[in-house]
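# A closer look at the structure
Residues per chain are reported as follows:
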2 protein chains.
Amino acid sequence: MIGTSYDSKVKELPMKRQRVGDRDMASIKDVANLAGVGLGTASRALSGKGYVAPETKRRIEEAARKLSYTPNVFAQNLLKNKSGIIAILVPAMDHCFFSRLVQELESDLYKKGYKTMVCCTSSGGHEEEDYLDMLENNLVDGIITATHSFNDEAYLGSNRVVVSFDRDFGGHIPMVRSDHKAAGRMAAEHFIKKGCRKVLNIYGEDATEGHISVGNAHRELKVCLEAAGVQVVEEYTRQDRFNMGYYSQVAGACLEKYRDMDGVFASDPLAEAFLWEGKRRGKRIPQKLKIISYDGTERTESISPRISAVVQQIDKISACLTDILTRRIQGEEIGEDKITEILWRQGETC
Amino acid sequence: MIGTSYDSKVKELPMKRQRVGDRDMASIKDVANLAGVGLGTASRALSGKGYVAPETKRRIEEAARKLSYTPNVFAQNLLKNKSGIIAILVPAMDHCFFSRLVQELESDLYKKGYKTMVCCTSSGGHEEEDYLDMLENNLVDGIITATHSFNDEAYLGSNRVVVSFDRDFGGHIPMVRSDHKAAGRMAAEHFIKKGCRKVLNIYGEDATEGHISVGNAHRELKVCLEAAGVQVVEEYTRQDRFNMGYYSQVAGACLEKYRDMDGVFASDPLAEAFLWEGKRRGKRIPQKLKIISYDGTERTESISPRISAVVQQIDKISACLTDILTRRIQGEEIGEDKITEILWRQGETC
């Protein structure tokens, strides 16, 4: 039998019990020790890369069998500097836009041979830095960042593969985003066409800074509405809160503060909160209050009444992010941003 | 300066250009080559584990500096057989229950020092097997599976750390689940109290088999309602469809088929679809149709009318899954299942 004649050279070590959760499973170091060779020799023999004398190779293989050594993907990745893993950073996973985006990205990346890690950054820890460290340490091959934190420097210090969704790193990191200015114009046109006189323009406080691209939709809406003589009032939401309880509270407070407003432009869950809170206050929608959501995820279409929306095409955003990221991993120098088209969807709230 | 006197021993290799996406970055092998030592010696020197002669160590560190070598986490994990990564398998990410569960798990695991990978298994590829392979190969330290696929054998063949949400592996893998039987009884009580005569009991076709635990809620509902003389009709949804378009279609078809039904028990998004489709057909809710959802995620509470629900406590489910998984990774043999309490939330639909 193959390897039998080398048994005498294999030192006997006490057998380790294999059980669930046993972290003392045989490592390549154990195999090298048992076979009486160095770590590098054992690694070459078991990965099949590099020269090892046939007799030594068989001794190492025998040791691996004796120890029930499982070939370690890390060992191979160590030599290749490749993990096959992409990290996706989003502010929240239970926000309808980001859960849909993550689902699409996971599927698109899987088709390209990559596994997906996710991280929700809204809890306010050091998650972003952690993942950038993982990128530096080859634990992930690339990062797609869709978070709105302000720590730009950490990203800019990295010389690896990062692609941004909607976050402007001043041209240093490629960005994919929807055509936000067109979205703002489109919403303004519909408010004007329907005769609105006072529109609430509400968005995340982080997007008031220039580097969060979605803010451009809201800035453009304001410009277009005011040019047409429509009054615009503005409010801002916290960047670390994404639950419906918070959105309902915000919508209720705005409805009390601006009793004469007749239009509101907000992200999906907040637009939905205005719908429910408006109804609870007996506000007739769309007659007395017109609502346009920006995201236009499936959820806003399935409810009754259907929310009128400017739609970001999440499938196309995901495809662009995946394409740019994977090409950069392969060494292509892609610097330009990619802008995806937005669409109008007529619902029952405008 | 430290290391300067050893410069002469460092062989000159052509400098590699460092750029974004460059996969030819220096590996530990390059460092070992440049320093003229073996891979094992370089690994020991750079990880600080195991003896290396001081002079050799300085030569290796100098080589690492010259090559801009980034310490490789894989190298450390290779020695420890530990990745610090947990994989979570869910049927879909844009289903309100699972997106919330993933968000909680990611946060709980992060606090315990683990990063999270996610995989949506509803697309029907070989994802589950891929992740089990990763577990075998030490690329992930454990798996939390919340998928409903039928390939039990693959899991049972694994000797590593798997914890199940709601999927019964016949006692071979610990399972966390809500108290589904109590949930079914609770829903039945409310339908009976409100005088329902014909209730639609609708759930995933996969849960009709015994190994998907949530099916017990629906089986118990049927038993309790029939014992009270209430007629029960049953329908099943596809296990690979989770979008609202599909749920709306199913709800519409059921409302046409059972025009005299006065109650429906369904998962959150489907219960919501019954609400909207019922309203579109002029059905008065709750007078003519009582709806109870099972999951009771925040979303069903924020809409108007609020959906009456039996609530699964996702935060507690996540805490249990995280606790069992991390203790198993540390070698504890935890075999028993964990059952979390359910709650009733009175809404406006029952």
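Conventions used here
Residues numbered from 1 in each chain as written. Chains lettered and ligands numbered in written order. Predicted model: local features only at pLDDT ≥ 70, side-chain atom pairs only at ≥ 80, totals over all residues. pLDDT = per-residue confidence, 0-100. Contact = placed C-beta atoms within 7 Å. Buried ≥ 20, exposed ≤ 12 C-beta atoms within 10 Å, placed from the backbone. Helix = DSSP H or I, 4+ residues; strand = E, 2+ residues; numbered from the N terminus. Pairing = 2+ DSSP bridges. Right-handed = clockwise from strand over helix to strand, strands pointing away. Axes fitted to C-alpha atoms, helices over the stretch in contact; angles between N-to-C directions. Expected span 1.5 Å × (residues − 1). Parallel < 35°, antiparallel > 145°, perpendicular 65-115°, else oblique. Nonpolar A, V, L, I, M, F, W, Y, C, P; charged D, E, K, R; others polar.

### Here's the deal with the confidence of the model for chain A
- Per-residue pLDDT for chain A has a mean of 84; in total, 86% of the residues score no lower than 70.
- Every residue in residues 1-24 of chain A scores below 50 in pLDDT, and together they form 37 contacts with partners more than four places removed in sequence or on other chains.

### A few points about the pairing of strand β8 (residues 263-267) of chain B
Residues and elements named next belong to chain B.
- In terms of burial, β8 is a largely internal element, 5 of the 5 residues being buried.
- Two strands pair when backbone bridges link them, and strand β6 (residues 198-204) and β8 are joined in this way by 3 bridges, in the parallel orientation. Counterpart to L200 in the pairing with β8 is V264.
- The pairing of β8 with strand β9 (residues 290-295) spans 5 bridges and is classified as parallel. Paired with S267 across the two strands is Y294, which belongs to β9.
- Crossover connection from β8 via helix α11 (residues 268-280) to parallel β9: handedness right-handed.

### Quick look at the environment of A:R284
Residues and elements named next belong to chain A.
- Positionally, R284 belongs in the loop between α11 (268-280) and β9 (290-295).
- Assessed through the 9 C-beta atoms surrounding it within 10 Å, R284 is described here as exposed.
- Each C-alpha atom, one on R284 and one on T349, is 9.8 Å from the other, the two residues being 65 residues apart in sequence.

### As for the sheet that holds strand β8 (residues 263-267) of chain A
All names here are of chain A.
- Ordered in space as β7-β6-β8-β9-β10-β12, the 6 strands form an open sheet in which the pairing is mixed. Either end of the sheet is taken by a strand with one partner, and the two such strands are β7 (231-237) and β12 (342-345). Averaged over neighbouring strand pairs, the angle between their axes works out to 20° when direction is ignored.
- Of the pairings in the sheet, the one linking strand β6 (residues 198-204) to β7 comprises 7 bridges and is parallel in character. What sits directly across from K198, in β7, is Q231.
- Strands in contact with helix α8 (residues 180-193) are β6, β8, β9, β10 (308-312) and β12; relative to β9, the strand with the most contacts, it is inclined by about 165°.

### What to know about helix α5 (residues 96-111) of chain B
- Given a rise of 1.5 Å per residue, 16 residues ought to cover 22 Å, and the 23 Å separating the end C-alpha atoms of α5(B) matches this to within 8%.
- For α5(B), a buried count of 15 out of 16 residues is recorded, marking the element as mostly surrounded by other parts of the structure.

### Some thoughts on the sheet that holds β9(B)
Residue and element names in this part refer to chain B.
- The strand order β7-β6-β8-β9-β10-β12 describes an open sheet built from 6 strands, whose pairing is mixed. Every interior strand has two partners, whereas the edge strands, β7 (231-237) and β12 (342-345), have only one. With strand direction ignored, the average angle separating the axes of adjacent strands in the sheet is 20°.
- In this fold helix α9 (residues 215-227) packs onto β6, β7, β8 and β9, with an angle of close to 165° to the strand it touches most, β6.
- The strands touched by α11 within the sheet are β6, β7, β8 and β9, with β8 carrying the most contacts at an inclination of about 140°.

### Looking at the packing of helix α1 (residues 28-35) of chain A against helix α2 (residues 39-47) of chain A
All names here are of chain A.
- Between α1 and α2, the shortest axis-to-axis distance is 9 Å and the interhelical angle comes to 105°. By the angle class used here, α1 and α2 are roughly perpendicular. Across the interface between the two elements, I28, K29, V31, A32 and A35 of α1 pack against L39, T41, A42, S43 and L46 of α2.
- Partitioning the contact of α1 with α2 into residue classes produces 7 nonpolar, 2 polar and 1 charged.

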